Amino acid sequence: MNPVATTEPRERLPLRPASDGPPRQGSTMTIPDEQDRKSEHSAAAGGERPRASSGRKSLSIRDVSMVFTRAEHSVHALDHIDIDIEEGQFISVVGPSGCGKSTLLKLVAGLRPPTGGEIEILGEKVKGPRSDVGIVFQSPVLLPWRTVLQNVMLPIEVLRLDHSAYKAKARELLDLVGLGGFEKAYPQELSGGMQQRAAIARALVYDAPILMMDEPFGALDAMTREQMNVEVQQIWERSGKTVVFITHSIPEAVFLADRVIVMSPRPGRVLRDLHINMPRPRGLDDMLTPEFGEHVREIRGMLGKADAAGGRDDRQTNW
Ligand SMILES: Nc1ncnc2c1ncn2[C@@H]1O[C@H](COP(=O)(O)OP(=O)(O)OP(=O)(O)O)[C@@H](O)[C@H]1O
Ligand SMILES: [Mg+2]
């Protein structure tokens, strides 16, 4: 049985940053207390949605450029990117293959420094890897010698958090992403899509206030992908997280986002920052509305024009 097959709100997952503020560089994290969980759940059960945005700046990407250089060869991946994201916003990023989307994610997570500009998280300059950014990479990168549950628990060990406090949550997350019963399996025993779902559970396990997802559903079949979109929306609604979601699917980008950032072919620039004001929570039927279709057409048109002007890279975008 696949537990992601429901679109009903799930009440058992406390997915919210600790109430005493998000952890910073090098700091540890705590799980929400029981009162937080109760109020979270009653809001979810009553269909009441926490504010999408607190108005406080979560992420600030200022004039960021990235040039990769090796020997005489250089690749200009990103060019003068400016994006401000408020706490609790859901941002989708779309753009042609090779335009620098994954590079941008790695810069924000502090995995490498930009060659120009700077990035701030909650007002603090990013200088190295951050514990307040959860990442789902484009490929799942699970450790082959660890079971699925041990892989999901990895951030808890790295951050030296209380193992026993998070284990039940790790199991609930595995259930949520449809991997209940696979806790003791090893990554090589899972399909590509199942590995990616394990990586999603790992990114969610420690309640980082910012979640960056790089084409997390690319390996999933169409139906599971739609269900995961609904699940991600619910997780986001209950958690108050700031989410940056990279995708090649324009409908997926529009369905999930408060804003869709449309990027040009390499060097990646922001072509458009499109606000999606469709009411929430959104259901799959909302994809049939004229407003939804209009947004999809607009983005497709923009990407098509950019492609005609600048040439497309090596892989197809699903538009
Ligand atoms: N570590 C690296 N060293 C050299 N060049 C790199 C490196 N990482 C990325 N690049 C180059 O930067 C450009 C942008 O790559 P990136 O992976 O960010 O693109 P993307 O938009 O995520 O593409 P896709 O949609 O195919 O995942 C590409 O031309 C790539 O070859
Ligand atoms: Mg990429």
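Overview of the structure. None of the values given here were measured: they were computed from a predicted structure.

## As for the nonpolar core
Counting residues in hydrophobic clusters, the biggest one holds 74 residues, and the most contacted among them are Ile 91, Val 108, Val 152, Leu 173, Ala 201, Val 205 and Met 212. Take this core: its biggest share by element is 7 residues, from helix H6 (residues 192-204). Among residues more than four places away in sequence, those in contact with Val 152 are Ala 170, Leu 173, Leu 174, Ala 198, Ala 201, Arg 202 and Val 205.

## What to know about the pairing of strand E1 (residues 57-70)
Here E1 pairs with strand E2 (residues 73-86) via 10 bridges, running antiparallel. Within the sheet, the bridge partner assigned to Val 64 lies in E2 and is Ile 81. Where E1 hands over to E2, the hairpin turn is made up of 2 residues, of which Ala 71 adopts a positive phi near 50 degrees. One ladder, built from 5 bridges, connects E1 with strand E4 (residues 116-121); its direction is antiparallel. Directly across from Ser 60, in E4, lies its bridge partner Glu 120.

## What to know about the sheet that holds strand E10 (residues 270-275)
The strand order E6-E7-E8-E3-E9-E10 describes an open sheet built from 6 strands, whose pairing is mixed. At either margin of the open sheet sits one strand with a lone partner, and together these are strand E6 (133-136) and E10. The mean angle between the axes of side-by-side strands here comes to 15 degrees, regardless of whether they run parallel or antiparallel. Relative to E10, strand E9 (residues 259-263) is paired through 5 bridges, and the arrangement is antiparallel. Among the inter-strand pairings, Met 263 is bridged to a residue of E10, identified as Val 270.

Conventions used here
- Residues numbered from 1 in each chain as written.
- Chains lettered and ligands numbered in written order.
- Predicted model: local features only at pLDDT ≥ 70, side-chain atom pairs only at ≥ 80, totals over all residues.
- Core = buried A, V, L, I, M, F, W, Y, C linked by C-beta atoms within 7 Å.
- Buried ≥ 20, exposed ≤ 12 C-beta atoms within 10 Å, placed from the backbone.
- Helix = DSSP H or I, 4+ residues; strand = E, 2+ residues; numbered from the N terminus.
- Contact = placed C-beta atoms within 7 Å.
- Pairing = 2+ DSSP bridges.
- Axes fitted to C-alpha atoms, helices over the stretch in contact; angles between N-to-C directions.

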